[in-house]
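Commentary on secondary and tertiary structure
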Amino acid sequence: MFTYALDDHVELRPLAPEHARALYELTDRSRDRLRQWLPWVDSVTEVEHSANYIKGAMKQAADNGGFSAGIWVREELTGTISFHEIDWNNRSVGIGYWLDKQFQGQGLMTSACRAFTDHALMRMGLNRVEIRCATTNRRSRAIPERLGFVLEGVIREAEKLPQGYVNHAVYGMIRSEWKRMR
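The sections below set out a description of the structure shown in this document. (Residues numbered from 1 in each chain as written. Predicted model: local features only at pLDDT ≥ 70, side-chain atom pairs only at ≥ 80, totals over all residues. Heavy atoms only, no water.)

Some thoughts on the overall build of the protein
Helix and strand counts for the protein come out as five helices and eight strands. Start at the N end of the protein and walk to the C end: the helices and strands fall as β-β-α-α-β-β-β-α-β-α-β-β-α. Here the protein has a C-alpha radius of gyration of 16 Å; the compact-globule value for 182 residues is 16 Å, and the two agree. Taken along the three principal axes of its C-alpha coordinates, the protein extends 45 × 35 × 35 Å. Within the protein, the proportion of its 182 residues that are buried is 48%. Accessible surface, the protein as shown: approximately 9,600 Å² in total, 47% of it carbon and sulfur. (Helix = DSSP H or I, 4+ residues; strand = E, 2+ residues; numbered from the N terminus. Rg over C-alpha atoms; globule rule 2.2 N^0.38 Å. Buried < 20%, exposed > 50% of the residue type's maximum accessible area, 1.4 Å probe, protein only. Areas by Shrake-Rupley, 256 points an atom, 1.4 Å probe, with all protein chains shown as cover.)

In structure tokens form, the structure reads like this:
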């Protein structure tokens, strides 16, 4: 399984069943902020929901269809980053992520996205990585922009959130571009 140290105190590790309570508590603490960007937040109302997410992520990884990792700072779960379903025919994948508010602004998610992008394009042999975020989510959009992803367009009313539909900015990185920037 993928484990990657971002620095001396931060690492990406696969989520495992024993992390369900920590993931639920992190989600619950972050609920008010996350619900404006992530449609699944309000459906996570107990530890079992986080446990089911982890089981699904583990099955997806075992089937070589995607991967989810916790972002750990000094052994504390602070967020997650995931490969969405890998499209092996087209050699592409999307990345999704979220981070506890108290850890934002430290470059953690940019480093995690850099590691995931590099892993996808250079180790897994994929050709394309995509990141989609609500057009109004400036913090989330800043990550692919810092990493040199290309803004490819906007999908109108792409996702239904509690406050209504939001547009998605679509960012892409292809292998040849990433190799030049490394």
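Focus: helix H2 (residues 47-62)
For H2, spanning 16 residues, the distance from its first C-alpha to its last is 23 Å, which sits close to the expected 22 Å at 1.5 Å a residue. Three or more residues of H2 are buried, namely Ser-50, Ala-51, Ile-54 and Ala-57. Relative to the axis of H2, the buried residues are bounded by an arc of 125° and lie together on one face. Across from the buried face of H2, at angles greater than 90 degrees, the exposed residues are Lys-55 and Lys-59. Tucked inside the fold, the buried residues of H2 contact helix H1 (20-34) and strand E3 (67-73). Phi for Asn-64, located one or two positions after H2, is positive at around 60°. (Expected span 1.5 Å × (residues − 1). Arc of directions from axis to C-beta. Contact = heavy atoms within 4.5 Å.)

Just geometry here; none of it tells us what the structure is for.
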